[in-house]
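# Working through the structure, step by step
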Amino acid sequence: MPERRKNPARLAIEAADRIRSFNHGTLGAAAYPYPGDVDDAVQALVLLAVRLPQAIEQTGGALARMHRAGNVRLDVMGDAVPLDEHMDASARVAAEAALAAAALEAALKKLGAYTCRLSWSESAESAA
């Protein structure tokens, strides 16, 4: 039987779970025995950050397409802004999130420029 396509939310949850596993797996000092291990992790985080703006833009774009097609309504009780205003605000915040993700990418690339130049050195105590 062919595998069912995972929906975008499930894929994002799986990505978040992997980051949680990474966070748990790197808690102890033994997780990073060498500077190169830190750099490998930083470079992998750069790769993750590089992909975030597109993911955010595609998510916001999906909402915009649905709205243009007339397939979105606003479910609220009480006073609410009109749907068009709500969608405009959603688009602005999605653009802000994509910019924030791009800033994260830039910061991680800067960090990687530092970590890539580090290597292991025996301490003076262990060399004696």
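Bear in mind the structure is a predicted one, so any value in this text is a computation, not a measurement.

Cut-offs and rules
- Residues numbered from 1 in each chain as written.
- Predicted model: local features only at pLDDT ≥ 70, side-chain atom pairs only at ≥ 80, totals over all residues.
- Heavy atoms only, no water.
- Patch = residues over 30% accessible without salt bridge, like charges linked within 9 Å, V, L, I, M, F, W, Y side chains within 5 Å.
- Areas by Shrake-Rupley, 256 points an atom, 1.4 Å probe, with all protein chains shown as cover.
- Salt bridge = Lys/Arg side-chain N within 4 Å of Asp/Glu carboxyl O.
- Helix = DSSP H or I, 4+ residues; strand = E, 2+ residues; numbered from the N terminus.
- Buried < 20%, exposed > 50% of the residue type's maximum accessible area, 1.4 Å probe, protein only.
- Expected span 1.5 Å × (residues − 1).
- Polar contact = N/O pair within 3.5 Å; in protein donor to acceptor, adjacent residues only side chain to side chain.
- Contact = heavy atoms within 4.5 Å.
- 1 Å grid on protein atoms, 1.4 Å probe; cavity = no way out; pocket = protein on both sides within 12 Å on 5 of 7 lines; lining within 4 Å.
- Points joined across faces, edges and corners; volume = space filled by probe spheres on them.
- Nonpolar A, V, L, I, M, F, W, Y, C, P; charged D, E, K, R; others polar.

What follows covers a nonpolar patch on the surface. Together, I19, L48, L52 and L104 give the surface a local cluster of nonpolar side chains, amounting to about 280 Å² of exposed area. Tracing the sequence through the fold places L104 in helix α3 (residues 83–115). The exposure class of L104 is partly exposed, given its relative accessible area of 38%.

Look at helix α1 (residues 8–25): 26 Å from first C-alpha to last across 18 residues, which is about the 26 Å you get at 1.5 Å a residue. Its side-chain oxygen at 3.1 Å from the backbone nitrogen of A9, N7 defines the N-terminal cap of α1.

Attention now goes to the environment of V81. With respect to the helices and strands, the residue V81 is situated in the loop between α2 (35–68) and α3. Accessibility expressed as a relative area gives 42% for V81, which makes it partly exposed. Residues within four places of V81 in sequence aside, it is in contact with L74 and H86.

Turning our eyes to something else, we now look at the layout of surface pockets. The volume enclosed by the largest pocket comes to roughly 620 Å³. If you trace the largest pocket, you find 19 residues lining it, with P8, L11, A12, A15 and A55 closest to the centre. Elements with a minimum of two residues in the lining of the largest pocket: α1 and α2. The biggest single contributor to the lining of the largest pocket is α2, with 10 residues. Grouping the amino acids of the lining of the largest pocket by side-chain chemistry returns 13 nonpolar, 3 polar and 3 charged.

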